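Descriptive analysis of the structure
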Amino acid sequence: MAILQTLQLLVEYCHARATRSWAPAMLVILVTFALATRLLDDYPILPDGLRSIATAGGLEAESDLRSVFEKLTDVSQQHVPGYFLALFVWGKIAGWEPLLLRTLSVFFGILSLALIFRLGRDFLSREAGFFSLVMLASLSFYNLWYLPVRMYTLFVASGLWLLWIYLRAVIHNKTSPGHYALLFLACLLFLYSQIFSLALGLGLAVYHLFFVEKTRHWLFVAAAGALASLLFLPWVSTLLTGTAEIIGGEFGDIRVLSPVETVITILSLSMNASILFLGLLALSVRQVLNKDRASLALWTILIVATAFYVAVNRATGAIDLHRSRYFVALFPLIILLLNVGLAGLSRWKLLSAGILLFWIASGLLYQRRVGADIFVRSYNTIPIHLVERHLRADLQPGDLLAGWSGGLSFAYRTPYGGVIDYYFPDDAIDIDIQHTYVLQQLDDEEISATLAERFAGYRRIWLAYELDNTARFHKLYQDALALAHARCFRDRTLTNVAIELYQRPGCD
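A short tour of the structure in this document, coming up. Everything quoted here is computed from the prediction, not taken from an experiment. Here the residue numbers are simple positions, counted from 1 along each chain's written sequence. Confidence filtering applies because this is a predicted model: local features only for residues at pLDDT of at least 70, side-chain atom pairs given and counted only at 80 or more, and all residues used for totals across whole chains, interfaces and linings. Derived side-chain values reflect all non-hydrogen atoms in the structure, with water molecules and hydrogen atoms excluded from consideration.

Examining the overall build of the protein
- Counting secondary structure elements, the protein contains 23 helices and 7 strands.
- Atoms considered for the radius of gyration are the C-alpha atoms alone. The globule rule reads 2.2 Å times the number of residues to the power 0.38. Relative to its length of 508 residues, the protein is compact, with a C-alpha radius of gyration of 26 Å against a globular reference of 23 Å.
- Residues classed as buried in the protein amount to 51% of the 508 residues present.
- Contacts in the protein between residues at least 24 apart in sequence constitute 79% of all its contacts with a sequence separation of at least 6.
- For the protein, the accessible surface area stands at approximately 23000 Å², while carbon and sulfur atoms represent 62% of it. A helix here means a DSSP run of H or I that spans at least four residues, while a strand means a run of E at least two residues long, and both kinds are numbered starting from the N terminus. Classification of residues uses two cut-offs on accessible area relative to the type maximum, computed with a 1.4 Å probe and protein chains only: under 20% is buried, over 50% is exposed, and between them is partly exposed. Whether two residues are in contact is decided by their heavy atoms, any of which lying within 4.5 Å being enough. For accessible areas, the Shrake-Rupley method is used with a probe of radius 1.4 Å. Any residue's cover is judged against the shown protein chains and nothing else.

In structure tokens:
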């Protein structure tokens, strides 16, 4: 009993310090920043990231804003220009190395943490602000998007900024011209951040139309949003072209999420795959019945936006499990609603602390169980950029770099080339990194015969593979190479990557 009382006092002390001071929130943000930046150079660029760099002008000697818009309207009509313009500016300032470009995604991710903290603190409670910050910082799926050179952390940050500015207008009655101008800018930025910003924008519009008192202030808020939407209209025709291409099969043969699967996926990814948190979501409904305006706004936006995703996916067939990133802007809404439910348990500080720790543990377990490669293919692949950097001085014209990968397919090409072209632009050596999905369709005899034929024309062959991905294929590759080549050395200085050199007729 004494131990339990001591633990209770300790939890209450920590709870008071965490919710009454800004220092713990800053510590969470700094730790998240440190963890994200530590991994900036661990993974090769994704094909989508290569598209981002090319669209922003990073593959050209000279580029300007006009070329960014030209690439979007010619090649990437399904995208809006906000992120690419930001990447253009950042690339001009910091440089076009992927490591540096990734810091822009990290910046928006860190900004989203600060915004959800402020939003929860201003409209729910001090506890909700801090708890929401910790939960978003430890949301396993969201953490994946700090590193790709893509727009998803901007999507979340701009959505949170818009929601914060809007709720300040309709709940805190901010009626100054400056606040209306901020609302207009926040709405415009969000609309131009990602194509599915239309889902949350529609939810916000429905809430404003049906649940906000119709006054002169209501009209000014609506006018700010309407003006931003009007300035978005010039891009609609481009988006319709991109949508037509999607419907026409641009995404290929994918398993489209059904409406039920869409809802389950959204809830699973936003709750670290733990069904127990549905209880907190259900508790938040009580605040809606109690006419809490912030809770009503969050629920309205979430329901309308989810319905929009379901309708669009049925019409276009664009979203499968691997494109669950399109849902990412919904996750802060769900986290905030979870904290609305958690507020009903605020009398039991020990229980609240236990729930928060369980959330963090669920995130760690989910990441280990599912693996990042399900959603971001470059996270489980040969780090080809590190291999190229490591071998740069030793590669000779006519060499072959071979291997296999279960993640990123190096054969995939964009209109701007492939990942291999980005890291090996001079074509002095040949690259043959096979995807394990392709190899698994063949039996051992077929693989051995194919490899023997492929290796026959090369004097020097470099074999690169991950040490934790050697089952079956490692022996088949070694046996095929041993038919005519001698292994000269094996290098394991890169983390989890082995590099072997084979030569014929023997080692020099």
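There is more to say after this.
Thoughts on the sheet that holds strand β4 (residues 430-435)
- Following DSSP output, two strands are said to pair if at least two bridges run between them. On the basis of which strands lie adjacent, the open sheet formed by 5 strands has the order β4-β1-β5-β7-β6 and mixed pairing. Whereas interior strands pair on both sides, the edge strands pair on one side only; in this sheet they are β4 and β6 (486-491). Put simply, the sheet's adjacent strands are angled 20° from each other on average, direction ignored.
- Note on method: axes are straight lines fitted to C-alpha atoms, helices fitted across the in-contact stretch only, with angles between N-to-C directions ranging 0 to 180 degrees. Of the strands in this sheet, β1 (400-405), β4, β5 (460-466), β6 and β7 (497-503) touch helix α23 (residues 473-482), which is tilted by about 160° from β1.

Observations concerning helix α17 (residues 331-343)
- A helix is expected to reach a length of 1.5 Å times the quantity of its residues less one. With 13 residues, α17 ought to run about 18 Å at 1.5 Å a step, and its terminal C-alpha atoms sit 18 Å apart, in line with that.
- α17 sits mainly inside the fold: 12 of its 13 residues count as buried.
- Those residues of α17 that sit buried are Phe 331, Pro 332, Leu 333, Ile 334, Ile 335, Leu 336, Leu 337, Leu 338, Asn 339, Val 340, Gly 341 and Leu 342.

Remarks on unusual backbone geometry
- Cis geometry is found at the peptide bond from Arg 504 to Pro 505, where omega equals 10°.
- We note that Asn 173 has phi near 55°; this positive angle belongs to a residue other than glycine.
- Here Asn 173 is to be found in the loop between α9 (152-170) and α10 (177-191).
- The phi torsion at Asn 272 lies on the positive side, around 55°, for a residue other than glycine.
- Relative to the assigned elements, Asn 272 resides in the loop between α14 (259-270) and α15 (278-289).

Details of α10
- Between its first and last C-alpha atoms α10 spans 21 Å; for 15 residues at 1.5 Å apiece the expected length is 21 Å, and the two agree.
- Inspection of α10 places His 179, Tyr 180, Leu 183, Phe 184, Ala 186, Cys 187, Leu 188, Phe 190 and Leu 191 among the buried residues, and these make up the whole buried set.
- Those residues of α10 that are buried lie in contact with α9, α11 (197-211) and α12 (216-232).

Focus: the pattern of salt bridges
- Here, a salt bridge means any side-chain nitrogen of Lys or Arg that lies within 4 Å of a carboxyl oxygen of Asp or Glu. Under the criterion given, the structure shown has 14 salt bridges.
- With a shortest N-O distance of 3.1 Å, Arg 460 and Asp 399 are connected by a salt bridge. Highlighted residues: Arg 460 in strand β5 and Asp 399 in the loop between α19 (384-391) and β1, separated in sequence by 61 residues. Across this residue pair, the class does not change: Arg 460 and Asp 399 are buried.
- When the shortest N-O distance is used, the salt bridge between Asp 444 and Arg 472 registers 2.9 Å. With Asp 444 in helix α22 (residues 444-455) and Arg 472 in the loop between β5 and α23, this residue pair connects regions lying 28 residues apart in the sequence.

What about the environment of Asp 444?
- Asp 444 gets classed as partly exposed once you look at its relative accessible area, which sits at 39%.
- For Asp 444, the contacting residues outside a window of four places in its chain are Arg 472 and Leu 476.

Remarks on the packing of aromatic side chains
- Pairing of aromatic rings covers Phe, Tyr and Trp, the last counted by its six-membered ring, and requires centre-to-centre distances within 6.5 Å; plane angles under 30 degrees mean stacked, over 60 mean edge-to-face, and any other angle means tilted. Evaluation of the coordinates by the stated rule reveals 24 aromatic pairs.
- Where Tyr 309 meets Phe 327, the ring centres are 5.1 Å apart and the plane angle is 75°; that geometry is what we call edge-to-face. Taken as a pair, Tyr 309 in helix α16 (residues 293-316) and Phe 327 in the loop between α16 and α17 lie far apart in primary sequence, 18 residues in all.
- On the basis of relative accessible area, Tyr 309 is assigned to the buried category, the value being 0%.
- Since its relative accessible area comes to 0%, Phe 327 is described here as buried.
- Relative to Tyr 477, the ring of Phe 455 lies with its centre 6.1 Å away and its plane at 50°, an arrangement referred to as tilted. Note that Phe 455 is positioned in helix α22 and Tyr 477 in helix α23, a separation of 22 residues in sequence. In terms of burial, Phe 455 and Tyr 477 fall into one category: buried.
- Among the aromatic residues, ring-to-ring pairing joins Trp 404, Phe 455, Tyr 465, Phe 473 and Tyr 477 into one connected group.
- Above the face of the Trp 164 ring, Arg 168 is positioned so that its terminal group lies 4.9 Å from the ring centre. Think of it as a cone above the ring: NZ of Lys or CZ of Arg counts as a charge over the ring if it is within 6 Å of the ring centre and within 35 degrees of the ring normal.

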